[in-house]
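# Architecture and fold: a report
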Amino acid sequence: MERCDLGERRQGPIWTRRAGAAAPRGVIVNIIHGVQGYHSKTIHFLNVAFNNSGDSLLAGDRQGNIYVFDLNGNRFNLVQKTMQACTALAFNLRRKTEFLVALADYSVKCFDTGTQELVSWMRGHESSVSSISVHGSGKYAITTSTDTAQLWDLDTFQRIRKLNVRQSVGIQKVFFLPLSNTILSCFKDNSVFAWEFDTLHCKYQLPTPVEGSVLFYKVFAVTRDSRTLVAGGKSNHLHLWSLQLKRLVRIIQMPEKVRSVRHLEFLPDSFDGGSNKVLGVLSQDNVMRFINIESCKLLFDIGSPEEGISTAVISPNGRYIASVMENGSLNLYSVQALTQEENKPPPAMFKVVEDGPKYTPEENKLITKVTSGKSKGPWKSKQSKIQSRLLKVQATTSLENKENELPSGLNKKRLQALLKGFGEYPAKYRMFVWRSLLQLPENHLAFSSLIDRGIHSAFVNIQKEYPIKSRKLLRVLQRTLSALAHWSAIFAETPYLPLLAFPFVKLFQNNQLICFEVVATVVVNFCQHWFEYFPNPPLNVLGMMENVLAHHDKELLRHLIKYNVTSQVYAWPLLETLLSEVLTREEWLKVFDNIFSNHPSYFLMIVVAYIICSRVPLLHCNQAADFEYFFHHRNNVDINVVIKEAYHLMEATPLDIHPQHMLDDFTPLTKGQYPVFNKYPTFIVDYQAREWEKIRQDEIEYLRKRQLAHESEAKAQEQKAEDEAWYRKQKLLREAEEQKRKILLEEEEKLAEQRQRLAVGKKELKVKELQLLDASRRRFLNYQQDQLQMELKRLDDEIARKASLREQETAAAVQDIELRQMELESQKQLFEQHLIKDQEGVTKEMKEEVEAHRRKVDLEDQRVQRLIEIDREETQKAHTVAEENLAKAEQKHIDTDWRLQAQRRLRRDDQDRERCYKEIVKLLHDNRVKEAELLKAMRETEEKKIFE
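Residues numbered from 1 in each chain as written. Predicted model: local features only at pLDDT ≥ 70, side-chain atom pairs only at ≥ 80, totals over all residues. Heavy atoms only, no water.

### Quick word on the overall build of the protein
Looking only at helices and strands, the protein has 22 helices and 32 strands in total. Looking at the protein as a whole, 40% of its 948 residues are labelled buried. Put simply, of all contacts in the protein between residues at least 6 apart along the chain, 57% involve residues at least 24 apart. Of the roughly 55900 Å² that the protein leaves accessible, carbon and sulfur atoms contribute 52%. (Helix = DSSP H or I, 4+ residues; strand = E, 2+ residues; numbered from the N terminus. Buried < 20%, exposed > 50% of the residue type's maximum accessible area, 1.4 Å probe, protein only. Contact = heavy atoms within 4.5 Å. Areas by Shrake-Rupley, 256 points an atom, 1.4 Å probe, with all protein chains shown as cover.)

Here you go:
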């Protein structure tokens, strides 16, 4: 990987410490990405992201450079050059060295920080990706743009589903709820939907806010326990939604300086069990204010109008705040320095929060104004010095304190002192203290891999053996037991495991990871040597407890032995249920406050102390059923006395029988992966597993055969019913057929009779028809003869008329012929006269045309000669002018053009004249032909006259 030190003259971040100078409160380091050289300039950072542990920071700048900052090692590495501005980053993938980056070309790429190679390239968005949400397991991611959201499988980098919406609606943000399998989608029309990740079915939709409080949501934040959603937008109001109740529970009014909200993020706190109370609100004035959403107190703020914040990210452990400033630099803040709570126990941090009174206006009970909760103490100091080393360990810490130091800054000795003083831990911080005492690693990936294996076959029907009213509690118990069974095979065969795990399941039902790790830590440390005699109870552990009881209360032990009450009756029921059957919830919590704060042997001492403190009722029992009932039900025992007695036993028990020397010290679960748990006789477990599997297979085969038998019997009954119905139907068909046949015979008889009657009627009709035909034939013959006679008479009359008309027409024709001959003679004379007149006129016209043509030709010849002379003169003038003055070249060019035009016109005139000559020749030729024809006609006329 490429390293950039402070002294290099190249592009790279510069870590500015400002030690000894005025610096913003809480700033650990200011990172400026500059190019040093002849032209120095600053390259702006755009996005940042923390990893799960909060000790590494991923940052991308405007030129596409991606840097990883190691906060513990105080160094940085350039891991990728994308050459494009990044729009979103994500660093919590399943493979720790990989990260996702959304680029300006609408694509999403996955890179490896170790090899600096491209792992995958994901496309599909048509607009800029605004956010990337990674599932708690790191196996899935959701990328969101304004028009779509896409769900990706980070193992195969394939798109699983795509959410499309109408352009008029638009998407604001789609993200996973923390530590759950729920997806929350927020749209620009203020609608919020929750989806089940496994099936992608809609679980619920948040209702429309109450009237008078509607604002356009732009930014969102969710607490770590996924119970509270905060939404903000173009207003100074924040809406708090309860995702359990699906309703708006509070409206927070920010100070008047806030006009709109640009970013929201909860400040994680290990003391609140995931129900985060401190919310960071980045407003339009580039100041990020941190408020308590319960008391509505303003705790502290970062940034200023002069040094404004563009965006900010809080580390998952709540120790750092990384902010991208308006000037392009990167600030890293210390939350402890901002809250001034470094050396105080956790309750003191929240004492100020609890004291702030709530202010509720009368006009709307939901709306609560944010008031200032700052003190005028050291928080106001502007001259605070920034540490020169990130997360520097104090060298003055003693070796003993180091051994007692717990995660999140707690000290085991101080906690034990607090426990001895008050008898129990504060209920508000008990879960956090337990998690710190047990040093839970919170292996999200390892736990997700166990959960992904599904429900173990041993706990599929657990509701039959343990009927629980709450379906959620049953589901969490089933998943926790299945994860334990997948972790180690012994837990699938352990019958008392549900009893052991149920109290913790009930406490941590909203955080399954913590629940699993608490149970696993209890099994590994406080259930040592329990499984060595599996499937029998742990006789060695019970023997240790019996030795302790024998040393401290021999009378009670003799009484128990007298009635054959063994340690499997008086001690094992308390152990396998973790005392949950005999104690109330408050007593049980108080007991385990002490168990988790001491050596694992203290758990055995608590059980022995409970037996000793119950000696009076036990000495009065004389039946085995009474003893069994006593150790399975609650009894009137003072738990504070039992706890004190357990501490007395820890101190007064001899070393040779003390369980502390037989049990190992507390060992937390390993980080990253869970340890191998094989402290049990594997051959017995494997044999039982095989036997159970064989029984399951036999049961499945039996059920299959029984199902086949039921199906065969049902099919036989169905076939029998079908056969009976078929026979009934056939019988009915035969009866119907017989009846139809009888009806058919009757109809045939009736038809025969009708045919006979019809034949007689036809015969009578035929005779009548013949008679009528004979009469009509005779009448027609008479009529035909009359018609023929009338036709002959008409023909005779027509012949006579035609003869008279022919005679009249002949006489008229003779008269017409005579008249025609007279007309022809007169026409002949007129024709001869016209011919003579026409000939004279044509001759005269020809002479006039010839004379006119000659005059025209003479005029044209004169015009051409004149133009030639003019052209010669102008040419001579132009030549003379060109020799005298070269400046008149342009006039010569014009004259030349005019001459060319004149020549073209002359040529055109010559062509027209030639065409006229051709037309004259043609006309003369035509005239000669006409004259010849006329002469010929005249000769013929004369010849005719001569012959006539």
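Here the narrative resumes.
### Quick look at the sheet that holds strand β19 (residues 202–205)
Strand order in the open sheet formed by four strands is β16-β17-β18-β19, and the pairing between neighbours is antiparallel. Each end of this open sheet is capped by a strand with a single partner; those strands are β16 (171–176) and β19. Each strand axis lies, on average, 20° off the axis of its neighbour in the sheet, ignoring direction. Pairing geometry for β16 and strand β17 (residues 182–187), over five bridges, is antiparallel. Residue pairing for β17: F176 is matched across the bridge by I183. (Pairing = 2+ DSSP bridges. Axes fitted to C-alpha atoms, helices over the stretch in contact; angles between N-to-C directions.)

### Topic: the pattern of salt bridges
For the structure on display, the rule yields 21 salt bridges. The residue R741 makes a salt bridge to E737 at a minimum N-O spacing of 2.9 Å. With R741 and E737 both in helix α21 (residues 682–884), this residue pair falls four residues apart, about one helical turn. Look at R741 and you get partly exposed, because its relative accessible area is 47%. Relative accessible area serves as the criterion here: at 39%, E737 is assigned to the partly exposed category. (Salt bridge = Lys/Arg side-chain N within 4 Å of Asp/Glu carboxyl O.)

### Quick word on the nonpolar core
Within the largest apolar cluster, 103 residues are counted, with the highest numbers of intra-cluster contacts made by W434, F504, W530, L575, W588 and F596. Top contributing element to this core by residue count: helix α17 (residues 601–613), with eleven residues. Apart from residues no more than four positions distant in its own chain, F596 is found in contact with W434, L437, L438, F504, V522 and F526. Judged by nonpolar contacts, the second largest core, of 19 residues, contains I31, F45, F50 and V313. (Core = buried A, V, L, I, M, F, W, Y, C linked by side-chain atoms within 4.5 Å.)

### So, helix α12 (residues 539–552)
In this model α12 runs 20 Å from its N-terminal to its C-terminal C-alpha over 14 residues, within 8% of the 20 Å that 1.5 Å per residue would give. Where α12 is concerned, the buried positions are V541, L542, M544, M545, V548 and L549. The buried residues of α12 all sit within an arc of 155° when viewed along its axis, so they share a single face. (Expected span 1.5 Å × (residues − 1). Arc of directions from axis to C-beta.)

### Comments concerning the side chain of N525
Along the chain, N525 falls in helix α11 (residues 512–526). Overall, N525 belongs to the buried group, its relative accessible area being 2%. Discounting chain neighbours no more than four positions away, the residues touching N525 are P600, D665, F666 and T667.

### Regarding the packing of helix α8 (residues 471–487) against helix α10 (residues 497–507)
For the pair α8 and α10, the least separation of the axes is 10 Å and the interaxial angle reads 125°. Relative to α10, α8 is oriented oblique. The crossing of α8 and α10 is right-handed. Contacts between α8 and α10 involve L473, V476, L477, T480, L481 and L484 on the former and, on the latter, L497, P498, A501, F502, V505 and K506. Grouping the constituent residues of the contact of α8 with α10 by class yields ten nonpolar, one polar and one charged. (Parallel < 35°, antiparallel > 145°, perpendicular 65-115°, else oblique. Left-handed = near helix turned anticlockwise from the far one by under 90°. Nonpolar A, V, L, I, M, F, W, Y, C, P; charged D, E, K, R; others polar.)

### Focus on helix α13 (residues 554–562)
By the burial criterion, the buried members of α13 are L556, L557, H559 and L560. Along the axis of α13, the buried residues cluster in a sector spanning 160°; they form a single face. Residues of α13 that are exposed and point more than 90 degrees away from the buried face comprise K554, R558 and K562. Downstream of α13 by a residue or two, N564 has a phi angle that is positive, lying close to 55°.

### A look at the sheet that holds strand β13 (residues 140–144)
Within a sheet, adjacent strands bond to each other through the backbone by hydrogen bonds, running parallel or antiparallel. Read across the open sheet, the four strands follow the order β12-β13-β14-β15; overall the sheet is antiparallel. Both outer strands of the open sheet, β12 (131–134) and β15 (158–164), are each paired with one neighbouring strand and no more. Averaged over all neighbouring strand pairs, the angle between strand axes comes to 20°, with direction disregarded.

### Quick word on a positive patch on the surface
Taken together, the side chains of R227, R471, K472 and R475 present a region of like positive charge at the surface. Among the structural elements, R227 can be located in the loop between β20 (217–222) and β21 (228–233). (Patch = residues over 30% accessible without salt bridge, like charges linked within 9 Å, V, L, I, M, F, W, Y side chains within 5 Å. Lys, Arg positive; Asp, Glu negative; His and termini not counted. Charge placed at Lys NZ, Arg CZ, Asp CG, Glu CD.)

### Comments concerning the packing of α12 against α17
In a packed pair of helices, the relevant descriptors are the angle between the two axes and the axis-to-axis distance. In the contact formed by α12 and α17, the axes pass within 10 Å of each other and the chain directions differ by 45°. By the angle between their axes, α12 is oblique relative to α17. Between α12 and α17 lies a crossing of right-handed hand. Here V541, M544, M545, V548, L549 and H552 of α12 come into contact with α17, specifically with L604, M605, V607, V608, I611 and I612.

### What to know about the pairing of strand β26 (residues 288–292)
Judged by how many residues are buried, β26 sits mostly within the fold: five of five residues are covered. A two-sided burial pattern is seen for β26, the buried positions comprising M288, F290 and N292 on one face and R289 and I291 on the other. In this sheet, β26 lies alongside strand β25 (residues 278–283) in antiparallel orientation, the contact comprising five bridges. Within β26, the residue paired with L282 across the bridge is M288.

### What to know about a nonpolar patch on the surface
A surface patch of nonpolar side chains, about 330 Å² in accessible area, is lined by F780, L781 and Y783. Note that F780 resides in helix α21. Of the residues examined, F780 reaches a relative accessible area of 52% and is grouped as exposed.

### Some thoughts on the environment of K203
Along the chain, K203 falls in strand β19. Linking K203 and T182, residues 21 residues apart in sequence, is a C-alpha distance of 8.6 Å. In contact with K203, other than residues within four places in its own chain, are T182, A194, W195 and E196.

### Observations regarding the confidence of the model for the protein
Low pLDDT means the predicted atomic positions in that stretch should not be read closely. When the pLDDT values of the protein are averaged, the result is 80; 85% of them are 70 or greater. For the protein, per-element mean pLDDT is lowest for helix α2 (residues 346–355), which scores 39, and highest for α17, which scores 93. In the predicted structure, residues 1–11 sits below a pLDDT of 50 and forms 35 contacts with residues beyond four places in sequence or in another chain. In this model, residues 17–21 is a region of pLDDT below 50 whose contacts with residues beyond four sequence positions or in other chains number nine contacts. (pLDDT = per-residue confidence, 0-100.)

### Points about a negative patch on the surface
Where like charges cluster on the molecular surface, the negative patch consists of E746, E747, E748, E749 and E753. Tracing the backbone shows E749 in helix α21. Taking the relative accessible area as the measure of exposure, E749 reaches 53% and is therefore exposed.

### Side note on the side chain of S334
Along the chain, the position of S334 falls in strand β30 (residues 330–334). Since its relative accessible area comes to 15%, S334 is described here as buried. If sequence neighbours within four positions are ignored, S334 has contacts with G26, I28 and R319.

### Considerations on the packing of aromatic side chains
Summed over all chains, the structure comprises 38 aromatic pairs. Relative to W572, the ring of Y496 lies with its centre 5.0 Å away and its plane at 90°, an arrangement referred to as edge-to-face. Placement of Y496 in the loop between α9 (490–493) and α10 and of W572 in helix α15 (residues 572–576) is noted, with a sequence separation of 76 residues between them. For Y496, a relative accessible area of 9% puts it in the buried group. Residues W588 and F592 carry aromatic rings whose centres are separated by 4.4 Å and whose planes lie at 35° to one another, so their mutual orientation is tilted. Here the residue W588 and the residue F592 both occupy positions in helix α16 (residues 585–596), the gap between them amounting to four residues, near one helical turn. Across the pair, F592 and W588 agree in class, each one buried. The rings of W434, Y496, F504, F526, W530, W572, W588, F592, F596, F603 and F666 are connected pair by pair, giving a single aromatic cluster. One Lys or Arg, K173, reaches over the ring of F175 and ends 5.2 Å from the middle of that ring. Over the face of the ring belonging to Y204 we find K246, whose NZ or CZ atom lies 4.6 Å from the ring centre. (Phe/Tyr/Trp six-rings, centres within 6.5 Å; stacked < 30°, edge-to-face > 60°. Lys NZ or Arg CZ within 6 Å of the ring centre and 35° of its normal.)

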